[in-house]
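Breakdown of the fold
If you want the building blocks of each chain, they are given just below.
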Amino acid sequence: MRKLLRLCPLLLAVALLFGAGPAFAGKRVALVIANSAYQHAPSLTNPVNDGSVMARTLKEAGFDIVDSRHDLTAQETRRVLREFADGTRDADIAVVYYAGHGIEVEGSNYLIPVDAKLERDTDVFDEALSLDRVLVAVEPAKQLRLVILDACRDNPFGKTMKRTVASRGIGRGLAQVEPTSSNTLIAYSAKAGFTAQDGDGANSPFTVALSKHLTTPGLDVRRAFGFVRDDVLKSTGNKQEPFVYGSLGGEDVPLVPVKVTAAAAAATANPQADIRRDYELALQVGNRPAWEAFLAQHSDGFYASLAKLQLEKIGAEQAHAAATEKAKQAEAERDRLAALGAQKDTQAKAAADAKAAEQVQLAAQKAKEQAQQQAAAAEQQRVNLAAAAPSAAPASTASPAGTNVASLTPATAPADLSRSVQTELGRVGCFSGAPDGNWTTSAQRSLSQFNRYAGTKLDVKVASTDALDTVKSKQSRVCPLVCEHGFKADGDKCTKIVCRDGFAINDDNECEKQRAAKSAKPATAKPATAKRDDGDERPARQRRQAGGEAAGAAGGFGGAAGIAAAAGTSRRSSGGQLFCNNSGCRAVNRGCHLEYRGGGGPGNDANAEVCN
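Below is a summary of the structure that appears in this document. (Residues numbered from 1 in each chain as written. Predicted model: local features only at pLDDT ≥ 70, side-chain atom pairs only at ≥ 80, totals over all residues. Heavy atoms only, no water.)

**Quick look at the packing of aromatic side chains**
Condition: Paired rings are identified among Phe, Tyr and Trp, the last through its six-membered ring, by centres lying within 6.5 Å, and are further divided according to the angle between planes into stacked (under 30 degrees), edge-to-face (over 60) and tilted (the rest). Secondary structure follows DSSP: runs of H or I at least 4 residues long count as helices, runs of E at least 2 residues long count as strands, and numbering of each begins at the N terminus. Working definition: with a 1.4 Å probe on protein chains only, accessible area under 20% of the residue-type maximum means buried, over 50% means exposed, and in between means partly exposed. Placement of a positive charge over a ring is assigned whenever Lys NZ or Arg CZ falls within 6 Å of the ring centre and within 35 degrees of the normal to the ring plane.
Tallying each qualifying case throughout the model produces 8 aromatic pairs. Here Tyr279 and Phe294 contribute two aromatic rings whose centre-to-centre distance is 5.9 Å and whose plane-to-plane angle is 75°, an arrangement assigned as edge-to-face. Of this pair, Tyr279 sits in helix 10 (residues 271–285) while Phe294 is found in helix 11 (residues 288–297), placing the two residues 15 residues apart along the sequence. Each member of the pair Tyr279 and Phe294 is classed as buried. Among the aromatic side chains, those forming a connected cluster through ring pairs are Tyr279, Trp291, Phe294, Phe302 and Tyr303. In this arrangement the basic side chain of Lys496 is found over the ring face of Phe487, its NZ or CZ atom lying 5.5 Å from the centre. In this arrangement the basic side chain of Arg500 is found over the ring face of Phe503, its NZ or CZ atom lying 4.1 Å from the centre.

**Brief notes about the sheet that holds strand 5 (residues 108–111)**
In plain terms, the rule: Think of it this way: DSSP has to see at least two bridges between two strands before they count as a pair.
Pairing is antiparallel in the open sheet, where 3 strands are placed in the order 4-5-6. Two strands close off the open sheet at either side, each with one partner strand: strand 4 (102–105) and strand 6 (129–130). Alignment of strand 5 against strand 6, held across 2 bridges, turns out to be antiparallel. Within strand 6, the residue paired with Leu111 across the bridge is Leu129.

**Quick look at the packing of helix 11 against helix 12 (residues 302–340)**
Applicable threshold: Every axis corresponds to a line fitted to the C-alpha atoms, with the helix fit spanning only the stretch in contact, and the corresponding angles, defined between N-to-C directions, vary from 0 to 180 degrees. Each angle gets one of four labels, with under 35 degrees taken as roughly parallel, over 145 as roughly antiparallel, 65 to 115 as roughly perpendicular, and the rest as oblique. By definition, turning the near helix anticlockwise from the far helix through less than a right angle yields a left-handed crossing, and turning it clockwise yields a right-handed one. We call two residues in contact whenever any of their non-hydrogen atoms come within 4.5 Å of each other.
Following both chains from N to C, one finds helix 11 and helix 12 inclined at 155°, their axes separated by 10 Å at the closest point. Looking at the two axes, helix 11 sits roughly antiparallel to helix 12. Of the two elements, helix 11 crosses helix 12, and the hand of that crossing is left-handed. Seen from helix 11, the contacting residues are Arg288, Trp291, Glu292, Phe294 and Leu295; seen from helix 12, they are Tyr303, Ala304, Ala307, Lys308, Gln310, Leu311, Ile314, Gly315 and Gln318.

**What about the nonpolar core?**
Convention followed: Here, nonpolar core means buried Ala, Val, Leu, Ile, Met, Phe, Trp, Tyr and Cys residues that are tied together by side-chain atoms lying within 4.5 Å of each other.
In terms of nonpolar packing, the biggest core is built from 42 residues, with Tyr38, Phe84, Leu131, Val147, Leu149 and Tyr188 touching the most fellow members. Breaking this core down by element, the ones donating at least two residues are strand 1 (28–34), helix 3 (74–87), strand 3 (93–99), strand 4, strand 5, helix 5 (131–138), strand 7 (144–150) and strand 8 (184–188). Residue contacts for Phe84: discarding those within four places in its chain leaves Val29, Ala30, Leu31, Ala94, Val95, Val96, Ala137 and Val138. Residues Met54, Ala55, Ile148 and Leu214 belong to the second largest nonpolar core, which totals 31 residues.

**A few points about the state of the cysteines**
Our working rule: Disulfides are defined as cysteine sulfur pairs within 2.5 Å.
The tally for this structure, following the rule as stated, stands at 3 disulfides. Through a disulfide, Cys592 is tied to Cys611; the S-S separation comes to 2.0 Å. Every disulfide takes its handedness from the sign of the S-S torsion; for Cys592 and Cys611 that torsion is 105°, giving right-handed. Taken together, the residues Cys592 in strand 16 (residues 592–596) and Cys611 in strand 17 (residues 607–611) connect sequence positions 19 residues apart. Residue class for Cys592 comes out buried when judged on its relative accessible area of 17%.

**What about unusual backbone geometry?**
Most peptide bonds adopt trans geometry, and most residues besides glycine take a negative phi value. Positive phi values are uncommon outside glycine, yet Asn183 reaches one of about 55°. Phi is positive for Asn238, which is not a glycine, with a value near 65°. Turning to its location among the elements, Asn238 is positioned in the loop between helix 8 (221–235) and strand 9 (243–247).

**Some remarks on helix 2 (residues 46–60)**
Rules: The span expected for a helix works out to 1.5 Å for each residue beyond the first.
Under the 1.5 Å per step criterion, the end-to-end length of helix 2 is 21 Å for 15 residues, consistent within 8% with the ideal 21 Å. Listed as buried for helix 2 are Asn46, Pro47, Asp50, Gly51, Val53, Met54, Ala55, Thr57 and Leu58. In the core, the buried residues of helix 2 are packed alongside strand 1, strand 2 (65–70), strand 3, strand 7 and helix 7 (205–213). Two residues or fewer past helix 2, Gly62 is found with a positive phi of approximately 90°.

So this is what it looks like as structure tokens:
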């Protein structure tokens, strides 16, 4: 009884935040419509095949009703939807899957029956079925209303359709939609405004992924669509991204419930399983009160150590925010006093305060990044451990409260994963170090550079299986090859430039004929050119222009375009070099020079300006 009373505060908080627990499906009904044989447009190959796969998948998942139809006219579609709506009145879960052509007109979406002609834009109101009509059919379901549309293909009607009003918009793909009913999800095979692929096989990539993940027992439908998204992005080379509109509550809503076995019941009774569940709930909330409530009930052990790292991360983030605000205030006060012409000692004190506040801000920034990396690394280790041995619970008594991050779990699995990601990044030209398994700042910068040139948004803080799979999918170099002065790119390698006798490498990285030494002129005479120690007697303006062009090329700012930009602006530069980033280009300050630092991505420029 005492133990129950001790757990009550945490359980009550969890119940208020997330509800009593995962919801399990009662009666489940589904309608599958697949249109391929269009009478006034080219036939589609895959929809009927896709419909067969989905109907079989839902039947095998134990749905009470699965009504599968194909090649329906407008009248037949209306009748089928009306009959299906009758079956959803006592259902907990209702699913409609549609494969075929769809169209967006004036921001509204329509499913196109096989007998539609759509000679003019207004015909869509008479000959097609609006998405709202489909939503009405699933409206009576109590727990989940799910509509899945594999209808984002290129629409042949839009090319021949006459416009009755010039301003009436006919979109590409389907338009974004926001369901007005609760517990309603609408899944598109491609994000709004984009088209989907039919694929090279008998089924579309979207349907293949759906049949693999959607009916996994116990898997929340939102996580299932997350796995579907990952699979489709991977199979289409990041060209097609499925998207889900709508929202559900805090409970898990699986399409297929988990059958409770004796082993599962024993696992539920395991205290470690209870602690893990409390930890995962606190992780979903993610704020300080949630972690403090967790630690109040589980003050030591494996999960307590992870929770303390999460608290340290939150504290570091809050300290950084406060330091940033204080630095802004100190800087504003310094500028205000300078504008008012205050006494020098007053201005000096304000400047010192601003400098000190800036140093505190930088230290807080570093502490925040370190705490975030530690928490992320520990969480990644926990996930890897659970995936490697889901039935094995970590020893709660083996980890003291002040344990090191590296001792939380065996370090071999994360190190192997990091080493594999580093190896693949090196293969595509984004990582030049040794693949040692240490996920350092250099490795993070390399993955950030990969994101920049591959157009991906991978998390660079930790090495992940998603990052490994994405980098592996690239068959050739991704990051551009940058060679030092005196070397040139030769395939995937930098080779030394060798000039024939009488020629030397100039600032443009080209072989230039050396000029004969000229006799010295009287001291009173003004030299025609400024001679440098390296023997280059070209006028200083030409050397500065050449240096600016070389800087544009070495900085990786678009090859010939970078050289052209440098040539056009280097005349105003003190040293001939240009510093470029996402904001534009400017001349390097006098007494400064550029150093290549690698990297890339937002806030991580390839070159840095270094001043003496």
